[in-house]
Amino acid sequence: MIRKFFEGLTFGAGFALSFLLIAWLGAGVVIPMLFTKPSEATVRSGPSFSELPSSFEEPGPQFHELPLEEQIKKASVIALARYELAPDGKQKAIIKEFLKKDPNTTIYYNVGDEYPSGSFYPKEKTSYGDGVIVFFVGSPASMRMSMSYTGDRIHSLGDITLKLFREKCETDA
């Protein structure tokens, strides 16, 4: 008889705990979600993609997917930077020349300035090349693509020479 009493007590306690857990979840999580409106912080209130400035939209293929000639044509500025070792060991990408620069384009770099996005602290056993070529689009100029070069070759462009790349940039200007 006492055994039956304890079995009933155990069953009742388990049932009560389950009921309390479900009630707590319902009261604390589910019910507030049913009766609250989304706050302004949770609602996206920015411009839609179609309202963004045209410099962010790229109809058709992305810039990096275009053939080289199209990339050169679409770029408003093409900068050539060379790595220079700083006293703290950082390789700074210093802009040496603009291979292409539309006269009506605003760019916030000059020859001799560091291009911080191209600078780095080198790791052992890693080759970074001698410098970087940076393609900018729009005005003010916004970076779209960059690639490193070693010696007089740009390996990511099928080993094209810097001389030939310069000529392609000049013919487009």
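Owing to the predicted nature of the structure, the values given are computational and were not obtained by experimental measurement.

## Structural notes on the sheet that holds strand 3 (residues 131-137)
One open sheet holds the 4 strands; their spatial order is 2-1-3-4, and the pairing between them is antiparallel. Each edge of the open sheet is held by one strand with a lone partner, namely strand 2 (91-101) and strand 4 (142-149). In this sheet, neighbouring strand axes are inclined to one another by 25 degrees on average, regardless of whether the strands run parallel or antiparallel. Of the strand pairs in this sheet, strand 1 (residues 77-85) and strand 2 are connected by 9 bridges, and their pairing is antiparallel. Each bridged residue has a counterpart across the sheet, and for Val-77 the counterpart in strand 2 is Lys-101. Against the sheet, helix 3 (residues 162-172) contacts strand 1, strand 2, strand 3 and strand 4, and its axis sits at roughly 45 degrees relative to strand 2.

## Notes on the packing of aromatic side chains
Tallying each qualifying case throughout the model produces 7 aromatic pairs. Ring centres of Tyr-115 and Phe-136 lie 5.9 Å apart, and the angle between their planes is 85 degrees; this geometry places the pair in the edge-to-face category. Taken together, the residues span a long stretch of sequence, with Tyr-115 in the loop between strand 2 and strand 3 and Phe-136 in strand 3 at a distance of 21 residues. Between Phe-135 and Phe-165, the aromatic rings sit 6.1 Å apart at their centres with planes inclined by 75 degrees, giving edge-to-face as the arrangement. Pair noted here: Phe-135 is in strand 3 and Phe-165 is in helix 3, with a separation of 30 residues, a long-range link.

The rules we used
- Residues numbered from 1 in each chain as written.
- Predicted model: local features only at pLDDT ≥ 70, side-chain atom pairs only at ≥ 80, totals over all residues.
- Heavy atoms only, no water.
- Pairing = 2+ DSSP bridges.
- Helix = DSSP H or I, 4+ residues; strand = E, 2+ residues; numbered from the N terminus.
- Axes fitted to C-alpha atoms, helices over the stretch in contact; angles between N-to-C directions.
- Contact = heavy atoms within 4.5 Å.
- Phe/Tyr/Trp six-rings, centres within 6.5 Å; stacked < 30°, edge-to-face > 60°.

Take it as geometry only, folks, not as evidence of what the structure does.
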